[in-house]
Every structure is written in structure tokens, then in C-alpha cells.
Amino acid sequence: MAKKTNEPKLDFKTDWAYEPAPEDTSHISLKKKYDLFIDGKFVKPNSKKYFATYNPATDEKLADIAEADAKDVDKAVKAARKAFTKWSKISAKERGKYIYRIARLMQERAREFAVIETMDGGKPIRESRDIDVPLAANHFFYYAGWADKLEYAFPNRNPKPIGVAGQIIPWNFPLLMAAWKIAPALATGNTVVLKPAETTSLTALKLAELIRDSGLPDGVVNIVTGAGATGAAIVNHPDINKIAFTGSTDVGKLIQKAIAGTDKKLTLELGGKAANIIFEDAPLDQAIEGIVNGIFFNQGHVCCAGSRLFVQESVADIVIRKLKDRMETLIVGNPLDKNTDIGAINSKEQLLKINKYLKIGKEEGAELYQSSCTIPTKGNFCRPTLFLNASQSHRVVQEEIFGPVLTVQTFRTIEEVIEKANNIPYGLSAGVWTDKGSKIFNLTSKLRAGVVWANTYNKFDPTSPFGGYKESGFGREGGLHGLMPYLRF
Ligand code: ADP
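(A) Expanded view of the site of the ligand. Looking at the ligand, there are 17 residues lining it, with Ile169, Trp171, Lys195, Glu198 and Ser248 nearest. The side chain of Ser248 places a nitrogen or oxygen atom 2.7 Å from an oxygen atom of the ligand. Compared with its free state, where it exposes 560 Å², the ligand has 78% of that area covered by protein. The pocket occupied by the ligand, as judged from atoms lying within 2 Å of grid points, is the largest pocket. Every element with two or more residues in the shell around the ligand is listed here: helix 8 (228-236), strand 10 (242-246) and helix 9 (249-259). At three residues, the largest contribution of residues to the shell around the ligand is made by helix 8. Residue composition of the shell around the ligand, grouped by class: ten nonpolar, five polar and two charged.

(B) Just the packing of helix 10 (residues 284-296) against helix 11 (residues 313-328), in detail. The interhelical angle for the contact between helix 10 and helix 11, taken along N-to-C directions, is 60°, at an axis separation of 10 Å. With respect to helix 11, the axis of helix 10 lies oblique. Handedness of the crossing formed by helix 10 with helix 11: right-handed. Facing helix 10, whose interface residues are Leu284, Asp285, Ile288, Glu289, Ile291, Val292 and Phe296, helix 11 presents Val315, Ile318, Val319, Lys322, Leu323, Arg326 and Met327. Its residues placed into classes, the contact of helix 10 with helix 11 shows ten nonpolar, no polar and four charged.

(C) The arrangement of the sheet that holds strand 14 (residues 367-370) in detail. Pairing is mixed across the open sheet formed by seven strands, whose spatial order is 14-15-16-13-12-18-19. Strands with a single pairing partner mark the edges of an open sheet, and in this sheet they are strand 14 and strand 19 (451-454). Put simply, the sheet's adjacent strands are angled 20° from each other on average, direction ignored. One ladder, built from five bridges, connects strand 13 (residues 308-312) with strand 16 (residues 405-411); its direction is parallel. When the bridges of strand 16 are listed, Arg308 appears paired with Thr407. Along the sheet, helix 10 contacts strand 12 (275-278), strand 13, strand 15 (385-388), strand 16 and strand 18 (429-433); its crossing angle with strand 12, the most-contacted strand, is approximately 170°. Here helix 12 (residues 348-364) sits on the sheet in contact with strand 14, strand 15 and strand 16, set at roughly 25° to strand 15.

(D) Region of the structure containing helix 2 (residues 92-108). For helix 2, spanning 17 residues, the distance from its first C-alpha to its last is 25 Å, which sits close to the expected 24 Å at 1.5 Å a residue. Those residues of helix 2 lying buried are Arg95, Gly96, Tyr98, Ile99, Ile102, Ala103, Leu105 and Met106. Packed against the buried residues of helix 2 are helix 1 (70-87), helix 3 (110-121), helix 4 (125-146), helix 5 (150-153), helix 6 (174-187) and helix 7 (202-214).

(E) Up close: the packing of helix 3 against helix 4. For the pair helix 3 and helix 4, interaxial distance at closest approach is 9 Å and the crossing angle is 130°. In terms of axis orientation, helix 3 runs oblique to helix 4. In the packing of helix 3 onto helix 4, the handedness of the crossing is right-handed. Counted together, Ala110, Phe113, Ala114, Val115, Glu117 and Thr118 of helix 3 and Ile125, Ser128, Arg129 and Val133 of helix 4 form the full contact between these two elements. Partitioned by chemical class, the residues of the contact of helix 3 with helix 4 number six nonpolar, two polar and two charged.

What counts and how
- Residues numbered from 1 in each chain as written.
- Predicted model: local features only at pLDDT ≥ 70, side-chain atom pairs only at ≥ 80, totals over all residues.
- Heavy atoms only, no water.
- Near = heavy atom within 4 Å.
- Polar contact = N/O pair within 3.5 Å; in protein donor to acceptor, adjacent residues only side chain to side chain.
- Areas by Shrake-Rupley, 256 points an atom, 1.4 Å probe, with all protein chains shown as cover.
- 1 Å grid on protein atoms, 1.4 Å probe; cavity = no way out; pocket = protein on both sides within 12 Å on 5 of 7 lines; lining within 4 Å.
- Sits in = over half its atoms within 2 Å of the grid points.
- Helix = DSSP H or I, 4+ residues; strand = E, 2+ residues; numbered from the N terminus.
- Nonpolar A, V, L, I, M, F, W, Y, C, P; charged D, E, K, R; others polar.
- Axes fitted to C-alpha atoms, helices over the stretch in contact; angles between N-to-C directions.
- Parallel < 35°, antiparallel > 145°, perpendicular 65-115°, else oblique.
- Left-handed = near helix turned anticlockwise from the far one by under 90°.
- Contact = heavy atoms within 4.5 Å.
- Pairing = 2+ DSSP bridges.
- Expected span 1.5 Å × (residues − 1).
- Buried < 20%, exposed > 50% of the residue type's maximum accessible area, 1.4 Å probe, protein only.

Here is the structure:
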């Protein structure tokens, strides 16, 4: 006879044990229509206009998003200005507490943020769950810690907030970019008007709900949605003190022109075309993983993507063979499936741009190689792609594609690869793979790139500054450096 025990029976239906599969989105609460977040409330747009946001993996409409016009932007800037008088005066310790609260709430709601990020933007759930959302929360934690230590960060310089910051972000890391922008601005006592990109507004609006629930004083963070015209209205508003922009080099140049002659401060984080350099003495299997992560992470929608591969000639054959083999194992498809490696291209427009470059590369004479995987018939997808035998003058080597497309060049000497790596309009990032520390130091000092990764790639941390040279922009975000653009001394 079975012995009776007092052990509780496990009930797998209880909340704590219930972990829905990422594909199950039934519990995700999306509204049909999203208004603008101004002065602590959701308000209808003056224009009365809304635009649709779609799931790029299925072409399904997810919600309607308000389109802010110049009057709405003015309302948001006025709310931010009013809030600034109080927010900049409360004790720094209190300010820190509010930011910690945002960080903690984001951790509590992490799963919902990750699923929505993936549905709206197309990135694999594994990335939004394990990278984007935790890193976004970490940015708030990190900058919360600085709020009451500014005098130690900048001794004898009496740092003061600037005022109202206008922040414009892109669609490739929607929540993470919002965190990169908002957290340092709040920690330094500024108030914010932020605009997400038009194809990925949902997690910024979810962040607005979270900020409202956190009890942050009204008007400290305002989130206005819309496209380029809304962004331009923020840039041109006379009562904005600082613009922080992440996006394309073309729009960055427009913004720089628009604010020339004003006393607005500016930081620009723009495009990139990073060299990922593999020396013959590199740990090759690790390097293959680094190449794959460098270019196929987030479908290559990454400004610091390692989109130009340089392989030392003596190991080129073996590296290319291993890379092709590894590409065959990559799963392209449903972004909500946790086994997916490469999700959906963010928009039809972006897919068209990538396809245009595939055509250009072939016409220029580079050899196209794509993995043989099947891709879904609905939605926006692109196979992982190589352009072999690419040369320095090819447009696919010089221009940013922002997709899962890697050009491959070979080199013989260090001098040659440094010359080629730097011979480009951009200077955001680079990667170096070698067994020799001396080579790493030699290259990091000679590569004109804001970030150089050694024997790794695409690693991000709130404590380390990020930003570019040349047409990749100026100013740094992250770390102690990330506080400076929000302060006057
Ligand atoms: P991408 O080409 O990668 O879509 P963009 O630079 O066009 O990048 O977009 C980045 C952000 O800049 C988006 O939020 C977009 O709405 C905004 N934007 C586009 N045009 C302008 C503009 N003229 N002024 C200000 N912001 C703009």
C-alpha cells in the first residue's frame, strides 16, 4: 500500500508554474488605439490622425498610433518645461528613487515588453527577452545610481541640468534606445520629449504606461508618436535645449543643419559599416560565432553591425567554408519562436532597400551566397547573405545596408587591413579576432571607430560609452560619458 505523505501536490496550473510559450500572445494587452503621452496623461492628437503599426512577420495590423503635429509637440514641450522647474529642484536622491522604480517595474513587466517588442519590430524573442529588455532595465538602474553622485562624477564643476531634451530614436532597438535616452536625461535633472520611430512605437507607449504607473511627476517624460514631420517639429521647437538623435546619417545631417546657429546642444548616433577582422592566429570557431553574431544579430538592423568581414588570406578558405556551414544551421522565421535565429525585416520599405543592395552587389561583380533555408511566404524576410570577393570600391562595401548581408574581403598584412577598415565614411565600431594581445592594442589605437571589440562582438553594457567618429556621429551614450551631454558646467 502506498504510504501517505504530507508533501503538497504540485499543481502546474498555479501562477508561479505557468510560463506561457512566447508564441502565446493571448495575455498581451494591446489597445486598439494609442494616444500621445503628454503631461502624465494619454491625450488625443490635435491632427486627429492615426497611423497603423504592423507585425512585420505576419503583415497583421497591431494597433493605430496617434500622429503628433507641431501643436502636439508644442504641448509636450510646454509640459516638459513646466515639469522642469520642479524636477530639476527635487533632491538628487529622490530623483534616483523614481528612476529605480522605473527600472524595477520594467523588470516586473519584462515578459510583456519582450513579446510586444518582437511582435512590433520583428526581432527574435530570444534577443528581446535576453538582451533588449534586461539591458533597458539595466540602463535605468545604472543611471539611477548616478543621480545623487554627479558632484563626484564631475568634481569641482557644479554640474547643472540643461532643461528640456528632445529625443528621437530609431526602429532597430525601440525600448533599449528609449532607455539609453531617457535614463541619463532624468538622472541629470532634465525633462524629456521623446519620439519613437513610426514602425515601432508600441514599447515606447508601454513605457509611457509604466512611467505613469511609477508615479513620476507629470510632464517629466512625454512621448509623442509620428514620423519625420513630428521629429522635425521637435528639432525646430524653440524651447528645446538639447537634441539627442539616433538614426540615419541623412537625417542626422538634416538635424545638424536645422539647429545650426541656435544654442541647442546636439548628440548624433548615426550609421555604421564596421570591419570585423579575423587574423590567422584567431580562435577560428569562436570567430565564426562572432561573425554570425556580428552581422545576423537583429537581422543586421544594427548600426554597429560587423557588416564588412576581413579575413587574413591564409585562413580565408577555411573561415568561409565554416561560415557557410554555420549559416546553414540558422533558423529564419517566426520571431516569437524561441528557436528562431533571424526574425523579420522591420518593414516593407527596409526589405526593398536590402533587395536593392542585393541587386547592386551582383551587378558590381561580387559573388552572392545565401543559405538554402526556406523563408515564410508572409511577412518580410531575407536569407542570411554573403557577398564574396567584394572589393573596397563596391557600394555594398561602402554603404550601410542595415540587413543580414555581409561583404567578405581578404587581406595579407596588418597595414593593409587597417587602411581598408578605415577607408570608409563611417567610424562607429570594429571587431578584431586574434590570439595576440599586442595586435589588439595596435589595432584598437589605429582603427577610427568609437567601439572596438576584441575576440567578441556586439556586447553592450550600460557602463561603457558608445558613439562614433566621422559620419557615424558625435557624442557618447552610456557610462559616465553619457551624462555629459545632459549637463552644463
Ligand atoms: P531609418 O532610415 O533607419 O529609418 P531615420 O533616420 O529615417 O532612420 O529615422 C530615425 C528617426 O528619425 C525616426 O524616429 C524618424 O521618424 C525620425 N526622423 C525622420 N526624419 C526626420 C527629420 N527630418 N527630423 C527629425 N526626425 C526625423
